[in-house]
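Chain residues, written in single-letter form:
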Amino acid sequence: MGKYIIKRLFQLVVTLLVISVITFLMVRLIPGDPLTTLYGIEDSDPAFVEAQREKLGLNDPLPVQYFRYIKGIFQGDLGVSLRTHKPIADELLSRYKYTVILAVGGTVVCSILGIFCGVVAAANHNKFWDSAIMVISMLAVSTPTFFLALLLQIVFAVNWNILPYGGTKGWEWAILPIAALGFHAIGNIARTTRSSMLDVINQDYIRTSRAKGIAKWAIITRHALKNALIPILTAIGLRFGVFMAGSALVETVFNISGVGRFLIDGVSNRDYPVVQSTILVLAASFVIINTLIDLLYALVDPRVKYD
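Draft legend 1. Inspection of unusual backbone geometry at higher detail. One non-glycine residue, H85, lies in positive phi territory at about 60°. The residue N255 is not glycine, and still its phi comes out positive at about 55°. Position of N255 among the secondary structure elements: in the loop between α12 (248-253) and α13 (259-268).

Next up, the structure:
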């Protein structure tokens, strides 16, 4: 186990370095100049903009800029926003909690409902409930998250006025965005659960359990589901990573100052340090969560060994 963890930590560092290089190069391919965008095209003084570019080191060769950026990361410095002139680490720290709340809430909702629907569909294979759940799952997967978010906002916040339409005051603010994220992902988890369950249900030991007269739902919950969990855990882990990095549209619709919205604003403003650091933090979160999911395999299935 120890060697496996060390190996995964090494892979984590290598992955983040590769992502940092790709992100560093890609943000500089975005059309437009960050300082011209920041100070305005018509009103900006070319001499002033050039002086600011020199001050921020944007005239340095790309390798020099990159290694300065990496050096700052190892020192715990994610840089300073070109637009707000605030430390990016402080900005991310204040916003990260909102994104985590949405990601965790959405994952819990889609996991509970998705696994339940998938188990019911597998237990009623080729019957009415199986077909109905698969149709609903397809609709959930096909519905864009932002459309579902707007629909929930119109119904519950505007028409019925029982939940806030945006912001982060109180605890009610999280209900609608979590519902939008969770309901969209239910279809994916349900389909994965159904497929994994069907593979297990057709195994010999399940048929033996039926021959012994064990109740159907006891077989489903005690034997089949437990042995079908590894693909389900993988899907849940991936979905959590998607929620962390892909909740920008939901945060925008509900006016939530999360990491995703911070990233979108950084791209719009050509704020190189913000884009680089935010993507790196989101990538680190994604890789760490998936590493933890891998370690959970041994708890779910004792046959899994880490060499």
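Draft legend 2. Just the nonpolar core, in detail. I115 and M197 are the most contacted members of the largest nonpolar core, which totals 42 residues. Secondary structure elements with two or more residues in this core: α5 (88-123), α7 (145-159), α8 (175-201), α10 (216-227) and α11 (229-246). In terms of residue count, α8 provides more of this core than any other element does, 12 residues in total. Among all residues touching I115, those that are not within four sequence positions of it are C110, I189, T193, L225, I232 and I236. V27, L78, Y272 and L282 belong to the second-largest nonpolar core, a separate cluster that totals 11 residues.

Draft legend 3. Representation of the packing of aromatic side chains in the model. Taken as a whole and judged by the stated rule, the model has five aromatic pairs. Measuring from ring centre to ring centre gives 5.3 Å for F128 and W129, while their planes differ by 70°; the resulting arrangement is edge-to-face. A residue is classified by how much of its surface remains accessible, and W129, at 52% relative accessible area, is exposed. Arranged with centres 5.3 Å apart and planes meeting at 85°, the rings of F156 and W160 form a pair that is edge-to-face. Given the relative accessible area of 26%, F156 is considered partly exposed. The exposed category is assigned to W160, whose relative accessible area is 54%. Three or more aromatic residues link up through ring pairs in this structure, and these residues are F24, Y66 and F67.

Draft legend 4. Structural context of the packing of α5 against α10. Close contact between α5 and α10 brings their axes to 12 Å; oriented N to C, the two are set at 120°. By the angle between their axes, α5 is oblique relative to α10. Between α5 and α10 the crossing geometry is right-handed. Residues I115, V119, V120 and A123 of α5 pack against K216, W217, I220 and L225 of α10. Among the residues forming the contact of α5 with α10, the class breakdown is seven nonpolar, no polar and one charged.

The rules behind each value
Residues numbered from 1 in each chain as written. Predicted model: local features only at pLDDT ≥ 70, side-chain atom pairs only at ≥ 80, totals over all residues. Heavy atoms only, no water. Helix = DSSP H or I, 4+ residues; strand = E, 2+ residues; numbered from the N terminus. Core = buried A, V, L, I, M, F, W, Y, C linked by side-chain atoms within 4.5 Å. Buried < 20%, exposed > 50% of the residue type's maximum accessible area, 1.4 Å probe, protein only. Contact = heavy atoms within 4.5 Å. Phe/Tyr/Trp six-rings, centres within 6.5 Å; stacked < 30°, edge-to-face > 60°. Axes fitted to C-alpha atoms, helices over the stretch in contact; angles between N-to-C directions. Parallel < 35°, antiparallel > 145°, perpendicular 65-115°, else oblique. Left-handed = near helix turned anticlockwise from the far one by under 90°. Nonpolar A, V, L, I, M, F, W, Y, C, P; charged D, E, K, R; others polar.

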